[in-house]
Amino acid sequence: MRGTSRRQEGLAAIEAAGIEPALADPAEPGTVLDLVGDVTVVVWMLGSATGSPEELSAIHGPRLERVLEKIVETPVRRFVYQGEGSVDPALLVRGSEAVEAATARWRIPTAALSADPDEWAAQVISLNSDRN
């Protein structure tokens with residue numbers, strides 16, 4: 001399992017949890033896509049991300065769409081989107097719609113997490129066991 005952070009200081013917490021840390025910024029889709037060569041499930045846990053309104057709009061809009069478009073050509077077999085959190089609900093709806101559109105267009109198996117962000121791990125495990 002690999003976990004990413006936009007900031008170097010976030011990597012220590014990921015490693016402390018027993019997860020392989022990697023630096024990637026969802027505002028720069030290439031940094032995320034560089035890491036999916038041996039990944040089967042991508043979990044976009046940005047429902048409570050922080051940043052400027054422009055940054056948040058991008059990572060729940062065009063940057064998310066870019067990643068979805070490009071993972072079709074990778075080993076990724078499921079994409080999970082955090083549809084709840086502290087981000088503007090309109091942005092989360094937009095992101096959820098982008099994920100639904102990717103499912104319809106490219107038949108990417110997707111799911112949206114609807115639990116409290118503190119409880120997402122149980123949902124991810126359940127979704128992974130049900131994967132296609």
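This section reports on the structure supplied with the text. (Residues numbered from 1 in each chain as written. Predicted model: local features only at pLDDT ≥ 70, side-chain atom pairs only at ≥ 80, totals over all residues. Heavy atoms only, no water.)

## Examining the overall build of the protein chain
Then step 1. Within the protein chain, the regular secondary structure consists of 6 helices and 5 strands.
Then step 2. Each helix and strand of the protein chain, ordered N terminal to C terminal, gives the series β-α-β-α-β-α-α-β-α-β-α.
Then step 3. Out of the 132 residues belonging to the protein chain, those deemed buried represent 36%.
Then step 4. In the protein chain, 58% of the contacts between residues at least 6 apart in sequence involve partners at least 24 apart.
Then step 5. Total accessible area on the protein chain stands at roughly 7,500 Å², and carbon and sulfur atoms take up 51% of it. (Helix = DSSP H or I, 4+ residues; strand = E, 2+ residues; numbered from the N terminus. Buried < 20%, exposed > 50% of the residue type's maximum accessible area, 1.4 Å probe, protein only. Contact = heavy atoms within 4.5 Å. Areas by Shrake-Rupley, 256 points an atom, 1.4 Å probe, with all protein chains shown as cover.)

## Description of unusual backbone geometry
In terms of backbone geometry, most residues other than glycine have negative phi values and most peptide bonds are trans.
Then step 1. Despite not being glycine, Arg107 shows a phi value in the positive range, around 60°.
Then step 2. Within the secondary structure, Arg107 sits in the loop between α5 (89-106) and β5 (110-113).

## Remarks on the packing of aromatic side chains
Then step 1. In the structure shown here, the tally under the stated rule is 1 aromatic pair.
Then step 2. Measuring from centroid to centroid gives 6.0 Å for Trp44 and Phe79, while their planes differ by 40°, and the two rings are tilted. One end of the pair, Trp44, is in strand β3 (residues 41-44); the other, Phe79, is in strand β4 (residues 78-82), and 35 residues separate them in sequence.
Then step 3. What makes Trp44 buried here is its relative accessible area of 4%.
Then step 4. Over the face of the ring belonging to Trp106 we find Arg105, whose NZ or CZ atom lies 4.8 Å from the ring centre. (Phe/Tyr/Trp six-rings, centres within 6.5 Å; stacked < 30°, edge-to-face > 60°. Lys NZ or Arg CZ within 6 Å of the ring centre and 35° of its normal.)

## A word on the pairing of β5
Then step 1. By the alternation rule, side chains of β5 split into Ala111 and Leu113, which are all buried, and Thr110 and Ala112, of which none is buried.
Then step 2. Across 4 bridges, the pairing between β4 and β5 is parallel. Directly across from Gln82, in β5, lies its bridge partner Leu113.
Then step 3. At this point the chain moves from β4, through α5, to the parallel β5, and the crossover so formed is right-handed. (Pairing = 2+ DSSP bridges. Right-handed = clockwise from strand over helix to strand, strands pointing away.)

## Focus on the sheet that holds β3
Then step 1. Read from one edge to the other, the open sheet built from 3 strands follows the order β3-β4-β5, with strand pairing classed as parallel. Bordering the open sheet on either side are β3 and β5, each of which pairs with just one other strand. Across the sheet, the mean angle separating the axes of adjacent strands is 15° when strand polarity is ignored.
Then step 2. The sheet strands contacting helix α4 (residues 62-71) are β3 and β4, and the helix crosses β4 at an angle near 165°.
Then step 3. Across the sheet, α5 lies against β4 and β5, angled at about 165° from β4, the strand it touches most. (Axes fitted to C-alpha atoms, helices over the stretch in contact; angles between N-to-C directions.)

## Remarks on the pairing of β3
Then step 1. Because side chains alternate across β3, one face comprises the buried residues Val42 and Trp44, and the other comprises Val41 and Val43, none of which is buried.
Then step 2. Of the pairings in the sheet, the one linking β3 to β4 comprises 4 bridges and is parallel in character. Paired with Val41 across the strands is Arg78, a residue of β4.

## Comments concerning the nonpolar core
Then step 1. Core analysis: the largest hydrophobic core is formed by 25 residues, its most contacted members being Trp44, Leu64, Leu68, Ile71, Phe79 and Tyr81.
Then step 2. For this core, the elements supplying multiple residues, two or more each, are α2 (29-33), β3, α3 (53-59), α4, β4 and α5.
Then step 3. In terms of residue count, α5 provides more of this core than any other element does, 5 residues in total.
Then step 4. With residues up to four places along the chain from it excluded, the contact list for Phe79 reads Val42, Trp44, Leu64, Val67, Leu68, Ile71, Val99, Ile108, Pro109, Thr110 and Ala111. (Core = buried A, V, L, I, M, F, W, Y, C linked by side-chain atoms within 4.5 Å.)

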